[in-house]
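# Chain and residue survey
The primary structure of each chain is shown beneath.
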Amino acid sequence: FALLPNGKVDPRSAVGMLLAFARRHPGFTPTGTFYVISSMFERGDGPHLLDELATLGFELGDHTFDHANLGSLDAAGVQREIVRGARMITDAVPEAKVWTLALPYGIYPRDRRLALRGRWDGQAYDYHGVFTVAGVPSPSPFSIKFDPLSIPRIESHPWRGDEDLGSGYWLRYLKQHPEERYVSDGDPRTVSFPRIFAGAVGHRYEKRENPY
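Residues numbered from 1 in each chain as written. Predicted model: local features only at pLDDT ≥ 70, side-chain atom pairs only at ≥ 80, totals over all residues. Heavy atoms only, no water.

## Some words on the overall build of the protein chain
Secondary structure summary: the protein chain contains four helices and eight strands in total. Each principal axis of the C-alpha atoms in the protein chain carries an extent, and together these give about 55 × 45 × 40 Å. Within the protein chain, buried positions represent 33% of all 212 residues. For the protein chain, the accessible surface area stands at approximately 13,100 Å², while carbon and sulfur atoms represent 55% of it. Within the protein chain, one finds 25 positive and 26 negative side-chain charges whose respective centroids are separated by 4 Å. (Helix = DSSP H or I, 4+ residues; strand = E, 2+ residues; numbered from the N terminus. Buried < 20%, exposed > 50% of the residue type's maximum accessible area, 1.4 Å probe, protein only. Areas by Shrake-Rupley, 256 points an atom, 1.4 Å probe, with all protein chains shown as cover. Lys, Arg positive; Asp, Glu negative; His and termini not counted. Charge placed at Lys NZ, Arg CZ, Asp CG, Glu CD.)

## Brief notes about the side chain of T64
For T64, the position within the fold is in the loop between β2 (59-62) and α3 (75-92). In this structure the side chain of T64 is engaged in a polar contact, spanning 3.0 Å, whose partner is the backbone nitrogen of H67. (Polar contact = N/O pair within 3.5 Å; in protein donor to acceptor, adjacent residues only side chain to side chain.)

## Description of the pattern of salt bridges
This structure, assessed with the given rule, holds six salt bridges. Put simply, D45 and R43 hold a salt bridge, and the shortest N to O gap is 3.1 Å. What makes R43 exposed here is its relative accessible area of 67%. (Salt bridge = Lys/Arg side-chain N within 4 Å of Asp/Glu carboxyl O.)

## Observations concerning the pairing of strand β5 (residues 123-126)
Bridge analysis of strand β4 (residues 117-120) against β5 gives four bridges, and the strand direction is antiparallel. Looking at the pairing, R119 lines up with A124 of β5. The antiparallel hairpin formed by β4 and β5 contains two residues in its connecting segment, where D121 sits at a positive phi of about 50 degrees. (Pairing = 2+ DSSP bridges.)

## A word on the packing of aromatic side chains
Tallied over the entire structure, the rule returns nine aromatic pairs. Consider the rings of W170 and Y173, whose centres lie 5.3 Å apart with planes at 75 degrees: the pair is edge-to-face. Within this pair, W170 and its partner Y173 are both found in helix α4 (residues 167-176), separated by three residues, close to a single helical turn. Judged by its relative accessible area of 16%, W170 is buried. Three or more aromatic residues link up through ring pairs in this structure, and these residues are F142, Y182 and Y205. Between the NZ or CZ atom of R84 and the centre of the ring of F65, over which it lies, the distance is 3.8 Å. Cation over ring: R112 sits above Y108, and NZ or CZ is 3.8 Å from the ring centre. (Phe/Tyr/Trp six-rings, centres within 6.5 Å; stacked < 30°, edge-to-face > 60°. Lys NZ or Arg CZ within 6 Å of the ring centre and 35° of its normal.)

## Overview of the side chain of T132
Structurally, T132 can be placed in the loop between β6 (129-131) and α4. According to the relative accessible area criterion, T132 is buried, its value standing at 12%.

## Comments concerning the nonpolar core
Ranked by size, the top nonpolar core spans 31 residues in total, and within it L50, I82, L103, Y127 and V130 carry the most contacts. For this core, the elements supplying multiple residues, two or more each, are α1 (14-24), α2 (46-55) and α3. The leading source of residues in this core is α3, at seven residues. Residues F142, V191, V201 and Y205 belong to the second largest nonpolar core, which totals five residues. (Core = buried A, V, L, I, M, F, W, Y, C linked by side-chain atoms within 4.5 Å.)

## Some points on the environment of V15
Tracing the backbone through its elements, the reader meets V15 in helix α1. Given a relative accessible area of 0%, V15 falls into the buried group. A C-alpha to C-alpha distance of 36 Å links V15 and A76, two positions 61 residues apart in sequence. Apart from the residues within four sequence positions on either side, V15 is in contact with F1, V9, F34, L53, L56 and F58. (Contact = heavy atoms within 4.5 Å.)

## Re the environment of K145
As for its placement among the helices and strands, K145 is situated in the loop between β6 and α4. On a C-alpha basis, the gap between K145 and A86 in space is 28 Å, while along the polypeptide they are 59 residues apart.

Listed below in structure tokens is the structure:
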């Protein structure tokens, strides 16, 4: 995300591309989560950029304050890093709701539960999800396979040499295997799925099942 000198969104940035796509395709909602660390504030415009992102409807997520290796910290240090990361967001955007944590380097604290909930300096956090680094596409949140403590992120650039084994690979894969995609039926009151997947819906959503 970047702004031009005139204050408008840079069309070459990811946000600019999403907004342009939305203008060309009515009904598409440009959205995403931006994970924040303290280094983005070094130029002095960090709070303004976060406020602009929130105004545009994007979510702000905790990535710890210093992009810390949580596996190397004691319990108090883990909770301090996570709380300071959340405070950095809400100090800039007081109305922001911080729902998720993205693990720096994909490394969990020794007590994995501290990635979801904890407390430091009188402030508690209780996140809805924790994101890892690389992996396969995530199961639907309605699936019994969905684990809010381990939601995979897919990198959006080539890695392991020049071959794109990140988002490019998985976008091609899902295009070739449409039966593996989850597509919402558009009704928040129901979870629709082919009858062959009976029993695959998480228990908390059983009353919303709509097999076909």
